[in-house]
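Structural features, examined
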Amino acid sequence: MFYIIGGVATLLLILVFIVFKEKPKYPPSRAQSLSYALTSPDASYLGSIAQLFKNLNFVLLVITYGLNAGAFYALSTLLNRMVIWHYPGEEVNAGRIGLTIVIAGMLGAVISGIWLDRSKTYKPVLCHTNPLL
């Protein structure tokens, strides 16, 4: 089964290299055409990564996302061991706790997304400021 999946993925990769071009014949938007005009020919991947890490907002975003993702993955990885250490024989409940954490996160993301979309208070929520000021 893994060989079949590997074969299909390899075939798709080969098709991507054959069919897709580096950039389209016509730019998809005016902003993209300006971007093509302003891009220097010596722009490199590592150079763009270095430029990103010079941007303070990007660095703060990477740190906060990394802390959030790291805490979630650490908790979900060690949850079973923590529950069984304190409550032997409760493997099923450890799974239920993990499911509850995931479902609560999904519901929270949907609810906060709907609320942010309706209230249009993106910046005050992200900056933890009072939207009435």
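Summary of the structure given here. (Residues numbered from 1 in each chain as written. Predicted model: local features only at pLDDT ≥ 70, side-chain atom pairs only at ≥ 80, totals over all residues. Heavy atoms only, no water.)

Observations regarding helix H5 (residues 91–119)
Helix length check: H5, at 29 residues, gives a terminal C-alpha distance of 42 Å against a target of 42 Å (1.5 Å per residue), a fit within 8%. Looking one or two places after H5, you find lysine 120, whose phi comes out positive at around 55 degrees. (Helix = DSSP H or I, 4+ residues; strand = E, 2+ residues; numbered from the N terminus. Expected span 1.5 Å × (residues − 1).)

Focus: the side chain of threonine 121
In this structure, threonine 121 sits in the loop between H5 and helix H6 (122–127). A distance of 2.9 Å separates the side chain of threonine 121 from the side chain of serine 119, its partner in a polar contact. (Polar contact = N/O pair within 3.5 Å; in protein donor to acceptor, adjacent residues only side chain to side chain.)

Some points on unusual backbone geometry
Not every positive phi belongs to a glycine, and lysine 120 is a case in point at roughly 55 degrees. Position of lysine 120 relative to the elements: it lies in the loop between H5 and H6.

Notes on the pattern of salt bridges
Tallied over the entire structure, the rule returns one salt bridge. Aspartate 117 is the partner of lysine 120 in a salt bridge, and the nearest nitrogen-oxygen pair spans 3.4 Å. Of the residues examined, aspartate 117 reaches a relative accessible area of 43% and is grouped as partly exposed. (Salt bridge = Lys/Arg side-chain N within 4 Å of Asp/Glu carboxyl O. Buried < 20%, exposed > 50% of the residue type's maximum accessible area, 1.4 Å probe, protein only.)

Some thoughts on the packing of helix H4 (residues 56–86) against H5
Between H4 and H5, whose axes approach to 8 Å, the crossing angle comes to 155 degrees. Judged on the interaxial angle alone, H5 and H4 are roughly antiparallel. Here the hand of the crossing between H4 and H5 comes out right-handed. Contacts between H4 and H5 involve Phe72, Leu75, Leu79, Asn80, Val83 and Ile84 from the first element and Glu91, Ala94, Ile97, Gly98, Ile101 and Val102 from the second. (Axes fitted to C-alpha atoms, helices over the stretch in contact; angles between N-to-C directions. Parallel < 35°, antiparallel > 145°, perpendicular 65-115°, else oblique. Left-handed = near helix turned anticlockwise from the far one by under 90°. Contact = heavy atoms within 4.5 Å.)

A closer look at a nonpolar patch on the surface
Nonpolar side chains collect at one region of the surface, where Ile4, Val8, Leu11, Leu12, Ile14, Leu15, Val16, Ile18, Val19 and Phe20 lie side by side and expose about 990 Å² of accessible area between them. Structurally, leucine 15 can be placed in helix H1 (residues 2–19). Using a relative accessible area of 40% as the deciding quantity, one classes leucine 15 as partly exposed. (Patch = residues over 30% accessible without salt bridge, like charges linked within 9 Å, V, L, I, M, F, W, Y side chains within 5 Å. Areas by Shrake-Rupley, 256 points an atom, 1.4 Å probe, with all protein chains shown as cover.)

Topic: H4
The first and last C-alpha atoms of H4 sit 42 Å apart over 31 residues, in line with the 45 Å expected at 1.5 Å per residue. Leucine 78 marks where H4 bends most, by close to 50 degrees. Of the surrounding elements, those touching the buried residues of H4 are H5. At the N-terminal end of H4, a side-chain oxygen is found 3.1 Å from the backbone nitrogen of asparagine 57, two or three residues along, and the residue is asparagine 55. (Bend = angle between axes of the 7 residues up to and from the residue.)

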